[in-house]
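Analysis of the macromolecular model
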Amino acid sequence: MNPPSWSLGSELLFYLLFPLLIVPIRKIRDGALWAWSAVMVAGTIVVQLVSMHLIPATPKSAITPISDLQFWFGYLFPPGRLFEFALGILLARIVLAGRWPRRIGIGVSLGLCAIGYAAGFFVPFEYTFVAATIIPIGALIASVAAADVAGRRTWLRSRPMVWLGEVSFGFYLVQGVSIFYLRSLLDGATYGVPGAALLIVGFFGTSLLGGWLLYRFVEMPAMRHLSRGRKELRSPLPAVPAPVPAEAEPAEPTSLRAL
């Protein structure tokens, strides 16, 4: 009924397993975080190797160049997506430990995303699910988080971008239904470039409106109902101390210099 809703199964699994995963991940020493992140990236590749070589390749899917079973295992099956979830937790630890390279900023990460997207045209179809873009997207998320933790102002902090972020989950959930339904009303009609561009804008606007309606009248009421009281909420990010002018910095004790 609603193709994007497949992800809810994965998210439910992630939320249920988080209390179990966070315990061992918190015990990983800072110096080993990057190595474990590489293991998670490798895990996403292994999932696709299993899909390509161990999952039946027939009968072929009507909408993809692989079989329905391969598509299910490589893309929809929740346990196969756990590597991405664990990678997100590890990246959060890397950022909070101050180990994210500042030279890999938002601009560089967006460039990597473009490269990863382009790579999808050349790698086997199964790798386009996750493997081709997991490093660029992971870098983008971490670089944005690092900028927030450091208190740096970015264009993502602008009011329009914050609003788009708030409605993005609702947008994702309704875009499949709205686009497929609206296309059915066109009855196979075709348009020139200007008409087609306007049609795409209309599809986008409809999905955006649906996303806002879900956010405003479903997500926010549910959050207010299920979350704790406002006084109990705490920011997940550590407080960022204001920079101290060089001339105001206290002299370092001799004992600390010796250490």
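A brief structural summary. Residues take numbers from 1 onward in each chain, read along the sequence in its written order. Only residues with pLDDT of 70 or above have their local features reported here, since the model is predicted, and side-chain atom pairs are shown and tallied only from 80 upward, although totals for entire chains, interfaces and linings are computed over all residues. Water and hydrogen atoms were dropped before computing side-chain values, which therefore reflect all heavy atoms in the structure.

A look at the overall build of the protein
- What the protein contains, in helices and strands, is nine helices and zero strands.
- Runs of E in the DSSP output that reach at least two residues are strands. Runs of H or I that reach at least four are helices, and both are numbered from the N terminus. If you list the helices and strands of the protein from N to C, you get α-α-α-α-α-α-α-α-α.
- Here the protein, with 259 residues, has 27% of them falling under the buried criterion.
- Here, residues are in contact when the closest pair of their heavy atoms is within 4.5 Å. A separation threshold of at least 6 residues defines the contact pool for the protein, and within that pool the share at least 24 residues apart is 78%.
- The protein chains shown are the only cover counted for residues, whose accessible areas, like all others here, come from Shrake-Rupley with a 1.4 Å probe. Approximately 17400 Å² of the protein is accessible, and the part contributed by carbon and sulfur atoms is 70%. Relative accessibility decides the category of a residue: with a 1.4 Å probe and only protein chains considered, values under 20% of the type maximum give buried, values over 50% give exposed, and everything between is partly exposed.

Quick word on the nonpolar core
- Formed by 22 residues in total, the largest nonpolar core has its most connected members in Leu87, Leu90, Leu91, Val95 and Trp100.
- Taken together, the elements giving at least two residues each to this core come down to helix 2 (33–53), helix 4 (82–96) and helix 6 (134–149).
- Here the element with the most residues in this core is helix 4; it accounts for seven residues.
- When residues no more than four places from it in sequence are discounted, the contact partners of Leu91 are Trp100, Gly138 and Ala142. Within this scheme, the nonpolar core is defined by two criteria: the residues are buried Ala, Val, Leu, Ile, Met, Phe, Trp, Tyr or Cys, and they are joined through side-chain atoms within 4.5 Å.

Overview of the packing of aromatic side chains
- Aromatic rings from Phe, Tyr and Trp, taking only the six-membered ring of Trp, are treated as a pair when their centres fall within 6.5 Å; an angle between ring planes under 30 degrees marks them as stacked, one over 60 as edge-to-face, and anything in between as tilted. Here the structure, examined in full by the defined rule, presents 14 aromatic pairs.
- Aromatic pair Trp72 and Phe73: ring centres 6.5 Å apart, planes at 55°, arrangement tilted.
- According to the relative accessible area criterion, Phe73 is buried, its value standing at 18%.
- Among the aromatic residues, those joined into a cluster by ring pairs are Trp6, Phe71, Tyr75, Phe125 and Phe129.
- Charge-over-ring placement is defined geometrically: NZ (Lys) or CZ (Arg) within 6 Å of the ring centre, and within 35 degrees of the ring normal. A cation sits over an aromatic face here: Arg216 above Phe217, 5.0 Å from the ring centre.

Description of the packing of helix 2 against helix 3 (residues 68–76)
- For helices, the fitted line uses only the C-alpha atoms of the stretch in contact; every axis is such a line through C-alpha atoms, and the angle between N-to-C directions lies from 0 to 180 degrees. Running from N to C, helix 2 and helix 3 cross one another at 170°; their axes reach a closest spacing of 9 Å. As far as their axial angle goes, helix 3 and helix 2 are roughly antiparallel. On helix 3, the residues touching Val47, Gln48, Val50, Ser51 and Met52 of helix 2 are Gln70, Phe73 and Gly74.
- For this scheme, ten residues count as nonpolar: Ala, Val, Leu, Ile, Met, Phe, Trp, Tyr, Cys and Pro. Four count as charged, namely Asp, Glu, Lys and Arg, and the remainder, Gly too, count as polar. Among the residues forming the contact of helix 2 with helix 3, the class breakdown is four nonpolar, four polar and no charged. Each angle is binned into one of four classes, with values under 35 degrees roughly parallel, values over 145 roughly antiparallel, values of 65 to 115 roughly perpendicular, and all other values oblique.

Things to note about the side chain of Ser37
- Tracing the backbone through its elements, the reader meets Ser37 in helix 2.
- With a relative accessible area of 5%, Ser37 lands in the buried category.
- Two N or O atoms form a polar contact when they lie within 3.5 Å of each other; inside protein one atom must be a possible hydrogen donor and the other a possible acceptor, and for residues adjacent in sequence the pair counts only when both atoms belong to side chains. A polar atom in the side chain of Ser37 sits 2.9 Å from the backbone oxygen of Leu33.
- If near-sequence neighbours (up to four positions away) are discounted, Ser37 is found in contact with Leu87, Leu90 and Ile94.

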